[in-house]
Amino acid sequence: MARSGTADGVRSRRSAPRHDKLDGMSTPEGVDPEYDAARVRLGRAARRLSHAVIGRASSLAEMETVTRDIENAIARLESAPRRVRDLSMYGQSLKLEIPDGGVLPSHIGRPGSGPGSPLGLDMVVTRVGQGIEARFRFDAAHEGPPQRGHGGVIALAFDDALGFVSNLHQVVAYTGQLSIRYSAGAPMHTPLVIAARLDRQDGRKLFVESELREDRPDAPLIATCSAIFIEMSGHPGITASSS
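Cut-offs applied
- Residues numbered from 1 in each chain as written.
- Predicted model: local features only at pLDDT ≥ 70, side-chain atom pairs only at ≥ 80, totals over all residues.
- Heavy atoms only, no water.
- Helix = DSSP H or I, 4+ residues; strand = E, 2+ residues; numbered from the N terminus.
- Buried < 20%, exposed > 50% of the residue type's maximum accessible area, 1.4 Å probe, protein only.
- Contact = heavy atoms within 4.5 Å.
- Expected span 1.5 Å × (residues − 1).
- Polar contact = N/O pair within 3.5 Å; in protein donor to acceptor, adjacent residues only side chain to side chain.
- Pairing = 2+ DSSP bridges.
- Salt bridge = Lys/Arg side-chain N within 4 Å of Asp/Glu carboxyl O.
- Phe/Tyr/Trp six-rings, centres within 6.5 Å; stacked < 30°, edge-to-face > 60°.
- Lys NZ or Arg CZ within 6 Å of the ring centre and 35° of its normal.

**Things to note about the overall build of the protein chain**
Line of reasoning, step 1. Of the regular secondary structure elements, the protein chain holds four helices and six strands.
Line of reasoning, step 2. Each helix and strand of the protein chain, ordered N terminal to C terminal, gives the series α-α-α-β-β-α-β-β-β-β.
Line of reasoning, step 3. Looking at the protein chain as a whole, 32% of its 243 residues qualify as buried.
Line of reasoning, step 4. Taking all contacts inside the protein chain whose residues are at least 6 apart in sequence as the whole, residues at least 24 apart take part in 65%.

The structure is reproduced here in structure tokens:
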């Protein structure tokens, strides 16, 4: 009966009214370093939480206690205005010149590579010539088959990493198509690397080729991805590279 009461309490808190007033990005990224750092710390803590939830055999009593704490924290966060990213700032990455070997920046909430994303892969992307290398690893919440990374999370890793190729070539683009061929299972808790490069550009279409392997010499192929990205235009602050 105690568990039933706890579940009712959780449902009660979930049904509480939320404040859906839009923030309009009153504190956009890059304006307040202290605020940005706090968002990164919060996202990192949420990532650790997700891996602990999946990867640890907690007791029933501990799970119920932590659930109440999490629901209370959610209520506090949801009482704030809802953040909405401003498209006019989306093209700022085009202004950056990244040297060979340099790290390409990601926005805080970007799902795969964002340092403040609760879904993140702790991905670090570096420039290698005219391409990129994205390094990351799969933790407990990313598991699909036993002791292997989930195929859908591999697709997320490809999609996120390959997007940096268009940034490197000073183009802001949407994902148009991903074609992934899986050759082997992706091991858990193991350094992985995606190597990607621009194959060609045809008008607004960018064709990107990439490979996923363990991050060690002579590692066998895990998966390949061929992608098409479609150049964005017509948004405030964004202009087509061909214009």
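**Here we look at helix α2 (residues 33–55)**
Line of reasoning, step 1. Its 23 residues place the ends of α2 33 Å apart at the C-alpha level, agreeing with the 33 Å of an ideal helix rising 1.5 Å per residue.
Line of reasoning, step 2. Buried residues of α2: Asp-36, Val-40, Gly-43, Arg-47 and His-51, and no others.
Line of reasoning, step 3. The backbone nitrogen of Glu-34 has a side-chain oxygen 3.1 Å away, supplied by the residue at the start of α2, namely Asp-32.

**Considerations on the pairing of strand β1 (residues 124–128)**
Line of reasoning, step 1. Direction of pairing for β1 relative to strand β2 (residues 131–136): antiparallel, over a ladder of five bridges. The residue of β2 that forms the bridge with Val-124 is Arg-135.
Line of reasoning, step 2. In this antiparallel pair of consecutive strands, β1 and β2, the connection spans two residues, and Gly-129 shows a positive phi of 60°.

**Some points on the environment of Phe-136**
Line of reasoning, step 1. When you line up the elements, Phe-136 lands in strand β2.
Line of reasoning, step 2. Here the alpha-carbon distance between Phe-136 and Gly-112, two residues 24 residues apart in the chain, equals 9.4 Å.
Line of reasoning, step 3. Ignoring anything within four residues of it in the chain, the contact list for Phe-136 reads Leu-121, Asp-122, Met-123, Ala-157, Thr-190, Pro-191, Leu-192, Ile-194 and Leu-212.

**Remarks on the side chain of Arg-110**
Line of reasoning, step 1. Mapped onto the fold, Arg-110 is located in the loop between α3 (60–78) and β1.
Line of reasoning, step 2. Given a relative accessible area of 14%, Arg-110 falls into the buried group.
Line of reasoning, step 3. Ignoring any residue separated from it by four or fewer positions in sequence, one finds Arg-110 in contact with Ser-117, Asp-160, Gly-163, Phe-164 and Asn-167.

**Concerning unusual backbone geometry**
Line of reasoning, step 1. At Asp-122, a residue that is not glycine, the phi angle is positive and equals roughly 50°.
Line of reasoning, step 2. Looking at the secondary structure, you find Asp-122 in the loop between α3 and β1.
Line of reasoning, step 3. Even without glycine at this site, Gln-147 takes up a positive phi of about 65°.
Line of reasoning, step 4. Its location among the elements puts Gln-147 in the loop between β2 and α4 (151–168).
Line of reasoning, step 5. The exposed category is assigned to Gln-147, whose relative accessible area is 57%.

**As for the pattern of salt bridges**
Line of reasoning, step 1. Enumeration over the complete set of coordinates arrives at nine salt bridges.
Line of reasoning, step 2. Taking the shortest distance from any N to any O, the salt bridge between Asp-122 and Arg-47 comes out at 2.9 Å. Of this pair, Asp-122 sits in the loop between α3 and β1 while Arg-47 sits in helix α2, placing them 75 residues apart in sequence.
Line of reasoning, step 3. Exposure remark for Arg-47: the relative accessible area of 3% places this residue in the buried category.
Line of reasoning, step 4. Within this structure, Glu-133, Arg-135 and Asp-215 form a network of salt bridges that share partners.

**Details of the packing of aromatic side chains**
Line of reasoning, step 1. This model, assessed by the stated rule, comprises one aromatic pair.
Line of reasoning, step 2. Centre to centre, the rings of Phe-136 and Phe-138 are 5.5 Å apart; their planes meet at 70°, and the pair counts as edge-to-face.
Line of reasoning, step 3. Directly above the aromatic system of Phe-164 lies the positively charged group of Arg-110, at a separation of 4.0 Å from the ring centroid.
Line of reasoning, step 4. Above the plane of the ring of Phe-207 lies Arg-200, whose end atom (NZ or CZ) is 3.8 Å from the centre.

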